[in-house]
Amino acid sequence: MLSERRLQVLRAIVQDYVGTEEPVGSKALTERHNLGVSPATVRNDMAALEDEGYIAQPHTSAGRIPTDKGYRLFVDKLAGVKPMTAPERRAIQNFLEGAVDLDDVVARTVRLLAQLTRQVAVVQYPSLTRSTVRHVELLSLAPARVMLVLITDTGRVEQRVVDCPAPFGEASLADLRARLNSRVANRRFADVPSLVEDLPEAFEHEDRGTVSTVLSTLLETLVEENEERLMIGGTANLTRFGHDFPLTIRPVLEALEEQVVLLKLLGEAQDPGVTVRIGHENAHEGLNSTSVVSVGYGSGGEAVAKLGVVGPTRMDYPGTMGAVRAVARYVGQILAES
């Protein structure tokens, strides 16, 4: 275990390096921070931190910079989450509340996160596997053609045209709509198949084929939409950090183009807390020089998807964690009210 003083020295090194982009020396540390000890003592502490792998010397005669291990200790033990100011919170709320539909909510969230953190923002669309049905609408387009509209609790809307095996009257359609919603409204997607399996038996024999066709279209829609979708923005922000990537920015950009990689990065949506992955903790080699800060969002206290940012390991962790958490909270509120 590091002593309290060495933890303070590590915190000061991280803060100064993130703020100045320059390797940090013992003289500068004692001048900038009230550590209460001499430069010689700070030098000894820095030597001990270097021996234990928390800081490193990037090139001879320079100061020291934090390693992935140093940033990890900083995030776990030393960094609080920096709360947003009241004007910042109001600006977030006003910007997101202008959204007209789910796509607009996601697009605005990406733009907002990229602007607030000046990193790359990644937002996962709400996963339908964790969604519930809000309402199913059935509209007659022709005697044997029906429009099925599925509306989820996260505001997602899916439409399908169903060609029925026989004409289906308005009264029968209204009956099916009412019976269907009484069974599936506010129920999880995973529960729907068992809730509707005997529904055709409630109808006249000549209508059962059409009811079965409508139900199979509904179930196909639920399955199809399990595919995860993402939106990404602010990639240009990475160009500001060229010197933070040891060789070139290209591996980072290539990794960000792979949806599977990004979904793994964000992690499981069920984990609602803020997650920070630093440097080599990211399994994808192209992202070994980046950190990822992510958090779950959703309505009603349950995370239905993740959002987060990707940036260099030399990141303002308290500020980024605060921004990501605040944005996720407001997106959740908007989904709950939509």
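Thresholds applied
- Residues numbered from 1 in each chain as written.
- Predicted model: local features only at pLDDT ≥ 70, side-chain atom pairs only at ≥ 80, totals over all residues.
- Heavy atoms only, no water.
- Buried < 20%, exposed > 50% of the residue type's maximum accessible area, 1.4 Å probe, protein only.
- Helix = DSSP H or I, 4+ residues; strand = E, 2+ residues; numbered from the N terminus.
- Pairing = 2+ DSSP bridges.
- Axes fitted to C-alpha atoms, helices over the stretch in contact; angles between N-to-C directions.
- Parallel < 35°, antiparallel > 145°, perpendicular 65-115°, else oblique.
- Left-handed = near helix turned anticlockwise from the far one by under 90°.
- Contact = heavy atoms within 4.5 Å.
- Domains from an automatic or database assignment.
- Buried area = accessible area lost by both parts, 1.4 Å probe.
- Salt bridge = Lys/Arg side-chain N within 4 Å of Asp/Glu carboxyl O.
- Polar contact = N/O pair within 3.5 Å; in protein donor to acceptor, adjacent residues only side chain to side chain.
- Nonpolar A, V, L, I, M, F, W, Y, C, P; charged D, E, K, R; others polar.
- Arc of directions from axis to C-beta.
- 1 Å grid on protein atoms, 1.4 Å probe; cavity = no way out; pocket = protein on both sides within 12 Å on 5 of 7 lines; lining within 4 Å.
- Points joined across faces, edges and corners; volume = space filled by probe spheres on them.

1. Comments concerning the pairing of strand β3 (residues 120–124)
Stage number 1. Counting buried positions over the five residues of β3 gives five, a clear majority of the element.
Stage number 2. Where burial is concerned, the two faces of β3 agree: the one with V120, V122 and Q124 and the one with A121 and V123 are both buried.
Stage number 3. Bridge count between β3 and strand β7 (residues 230–233): four bridges; the pairing is antiparallel. What sits directly across from Q124, in β7, is L230.

2. Thoughts on the packing of helix α4 (residues 68–78) against helix α12 (residues 317–337)
Stage number 1. The N-to-C vectors of α4 and α12 enclose an angle of 55°; their axes lie 11 Å apart at closest approach. Comparing the axis directions of α4 and α12 gives the class oblique. Considering the relative orientation of α4 and α12, their crossing is right-handed. Mapping the contact onto sequence places Y71, F74 and V75 in α4 and Y317, P318 and M321 in α12.

3. Remarks on the domain arrangement of the chain
Stage number 1. Once the domains are mapped, the chain shows domain 1 (4–67), domain 2 (86–126 + 228–337) and domain 3 (129–225).
Stage number 2. Look at where the C-alpha atoms of domain 2 and domain 3 centre, and you get two points 35 Å apart.
Stage number 3. Considering only the side of domain 2, the residues that lose the most area to domain 3 are L102, P126 and V304, jointly responsible for 40% of the buried surface there.
Stage number 4. The interface formed by domain 2 and domain 3 contains zero salt bridges.
Stage number 5. Connecting domain 2 to domain 3 are zero residue pairs in polar contact (both at pLDDT 80 or more).
Stage number 6. Split by residue class, the side of domain 2 that touches domain 3 holds seven nonpolar, three polar and three charged.

4. Some remarks on helix α11 (residues 259–266)
Stage number 1. Those residues of α11 lying buried are V261, L262, L265 and L266. Buried residues of α11, seen end-on, are gathered within an arc of 130° and therefore sit on one face of the element. Turned more than 90 degrees from where α11 packs its buried face, V260 and K264 sit exposed.
Stage number 2. If you follow the buried residues of α11, they end up packed against β3, β7, α10 (250–256), β8 (275–278), β9 (290–297) and β10 (305–312).

5. Details of the pairing of strand β5 (residues 145–152)
Stage number 1. With six of eight residues buried, β5 lies mostly within the body of the structure.
Stage number 2. With eight bridges connecting them, strand β4 (residues 133–142) and β5 associate as antiparallel partners. Within β5, the position partnered with E137 by the bridge is V149.
Stage number 3. Strand direction decides the pairing type here: β5 and strand β6 (residues 157–163), joined by seven bridges, are antiparallel. Looking at the pairing, L148 lines up with R160 of β6.

6. Focus: the layout of surface pockets
Stage number 1. If you add up the space inside the second largest pocket, you get close to 410 Å³.
Stage number 2. L116, T117, R118, D316 and T320 are, among the 20 residues lining the second largest pocket, the residues nearest its centre.
Stage number 3. Counting residues per element, the ones that place at least two in the lining of the second largest pocket are α1 (4–20), α6 (102–117) and α12.
Stage number 4. The element contributing the most residues to the lining of the second largest pocket is α12, with three residues.
Stage number 5. Along the lines of polarity and charge, the residues of the lining of the second largest pocket split into eight nonpolar, five polar and seven charged.
Stage number 6. The residue makeup of the lining of the second largest pocket includes at least three contributed by each of domain 1 (4–67) and domain 2 (86–126 + 228–337).

7. Topic: the environment of V9
Stage number 1. Relative to the helices and strands, V9 is located in helix α1.
Stage number 2. Separated by 300 residues in sequence, V9 and V309 have C-alpha atoms that sit 27 Å apart.

8. Observations regarding the sheet that holds β5
Stage number 1. Read from one edge to the other, the open sheet built from three strands follows the order β4-β5-β6, with strand pairing classed as antiparallel. Lying at the two open borders of the sheet, with one neighbouring strand each, are β4 and β6. Shown here is a sheet whose adjacent strand axes are inclined to one another by a mean of 20°, direction ignored.
Stage number 2. Lying on the sheet, helix α7 (residues 170–184) is in contact with β4 and β5; it crosses β4 at an angle near 165°.

9. What about the sheet that holds β7?
Stage number 1. The strand order β7-β3-β10-β9-β8 describes an open sheet built from five strands, whose pairing is antiparallel. At either end of the open sheet lies a strand with only one pairing partner, and these are β7 and β8. Between one strand axis and the next, the sheet turns through 15° on average, direction left out of account.
Stage number 2. On the sheet, α12 packs against β8, β9 and β10 and is oriented at approximately 25° with respect to β9.

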